[in-house]
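# Structure at a glance
The primary structure of each chain is shown beneath.
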Amino acid sequence: MSAQTSPVAGAFRTAVVPAAGLGTRFLPTTKAVPKELLPVVDTPGIELVAAEAAEAGAQRLLVVASPGKESVAGYFRNDDELEQTLEDRGKHALLAKVRRAPGLLAVDSVYQHDPRGLGHAVAQAGPALADDEQAVAVLLPDDLVLGPDGTDAGVLGRMAQVHAELGGSVLCAFDVPRDQVPAYGVFEVSDTADEDVKQVHGMVEKPAPEDAPSTLAAAGRYLLDRAIFDALERITPGAGGELQLTDAVALLISEGHPVHVVVHRGDRHDLGNPGGFARAFVDFALRDPEYGEGLRRWLTDRLKD
């Protein structure tokens, strides 16, 4: 782990993962299997997100689930019978993989019974925090945030450093081409002494390219001051009757709460739709020592046709 992405002691202990959605874009599969457990090669996306949180210093993963999705948190429990079978058969590499997720961090669940938006999902985590937790991380499981080399994410660790230095709340942003800004929430920012850290003054949802205040688009990583829970109680529902996390952040900004973004120079994958999931699967498979070389040859031949 590099000094740039080393965990900041005490920055946060709990990482919240909103996972109450129905996964409608993956139906009919998600009738039986939660989207968060679909494998990117052989590892569910939720484990990749949990590993990122643990690397940045999280001690607990708090899954915001809906009734019927208990298997998301259950994935992180030990399976003693399976582990013993693998041990007896000498399958030590598989045993290490099976034990990897339960060894990352403690996992608990809270429930979002009504689908009332991301802000409402995050609000369910508030009562589950200890009184001395002054910040909480939120990681959207649809987003895989990768490092410049495509592997080590590191962005949450960097965000924790910025939080330790500047206080307040810290979000992640990607610099996208201007013609793509209508697909994102875009930040209005000013510079700081660090070219990859910007102070946030506002946010515009899905602006036209000519109206966008910048080309810095929101990604699914947040390190939020505990004040966010009070703000979530004071905002009103937006479009579709949903409580939006960005509206709560905007309220904090209007009240003088410091908010910054870290501009992440790595890559990302969107696991929230089959097309993005397919790209992530291929990307990870190409780097896999067992499958990568054969897949690369097959793709090369296939694309010739």
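These lines cover the structure that appears in this document, whether it is placed above or below. (Residues numbered from 1 in each chain as written. Predicted model: local features only at pLDDT ≥ 70, side-chain atom pairs only at ≥ 80, totals over all residues. Heavy atoms only, no water.)

### What to know about the pairing of strand β9 (residues 185-191)
Bridge count for β9 against strand β10 (residues 197-205) is seven bridges, and the pairing is antiparallel. Within the sheet, the bridge partner assigned to E188 lies in β10 and is G202. Linking two consecutive strands that pair antiparallel, namely β9 and β10, is a turn of five residues. (Pairing = 2+ DSSP bridges. Helix = DSSP H or I, 4+ residues; strand = E, 2+ residues; numbered from the N terminus.)

### Considering the side chain of T30
Mapped onto the fold, T30 is located in the loop between β1 (14-19) and β2 (39-40). Polar contacts involving the side chain of T30 include one to the main-chain amide nitrogen of L27, which spans 3.4 Å. (Polar contact = N/O pair within 3.5 Å; in protein donor to acceptor, adjacent residues only side chain to side chain.)

### Considering the pattern of salt bridges
Tallied over the full model, the rule gives 18 salt bridges. Here K69 ties to E36 by a salt bridge, and the two come within 2.9 Å at their closest N and O atoms. You can see K69 sitting in the loop between β4 (60-65) and α2 (70-74) and its partner E36 sitting in the loop between β1 and β2, a full 33 residues away along the chain. Between D194 and R158 there is a salt bridge whose closest N-O contact spans 2.6 Å. Taken as a pair, D194 in the loop between β9 and β10 and R158 in helix α6 (residues 155-166) lie far apart in primary sequence, 36 residues in all. (Salt bridge = Lys/Arg side-chain N within 4 Å of Asp/Glu carboxyl O.)

### With respect to helix α9 (residues 274-286)
In a regular helix each residue adds 1.5 Å, so 13 residues correspond to 18 Å; α9 covers 18 Å between its end C-alpha atoms and thus fits that length. Those residues of α9 not exposed but buried are G276, F277, A280, F284 and A285. All buried residues of α9 lie within an arc of 165 degrees about the axis, which places them on one face of the element. Structurally, α9 contributes buried residues whose contacts are with β2, α1 (45-55), β7 (143-145), β13 (268-270) and α10 (292-304). The N-capping residue of α9, defined by a side-chain oxygen 3.1 Å from the backbone nitrogen of G275, is N273. (Expected span 1.5 Å × (residues − 1). Buried < 20%, exposed > 50% of the residue type's maximum accessible area, 1.4 Å probe, protein only. Arc of directions from axis to C-beta. Contact = heavy atoms within 4.5 Å.)

### So, the environment of K91
You can see K91 is positioned in the loop between α3 (80-88) and α4 (92-100). Overall, the relative accessible area of 38% leaves K91 in the partly exposed class. As for K91 and V72, which are separated by 19 residues in sequence, their C-alpha atoms are 25 Å apart.

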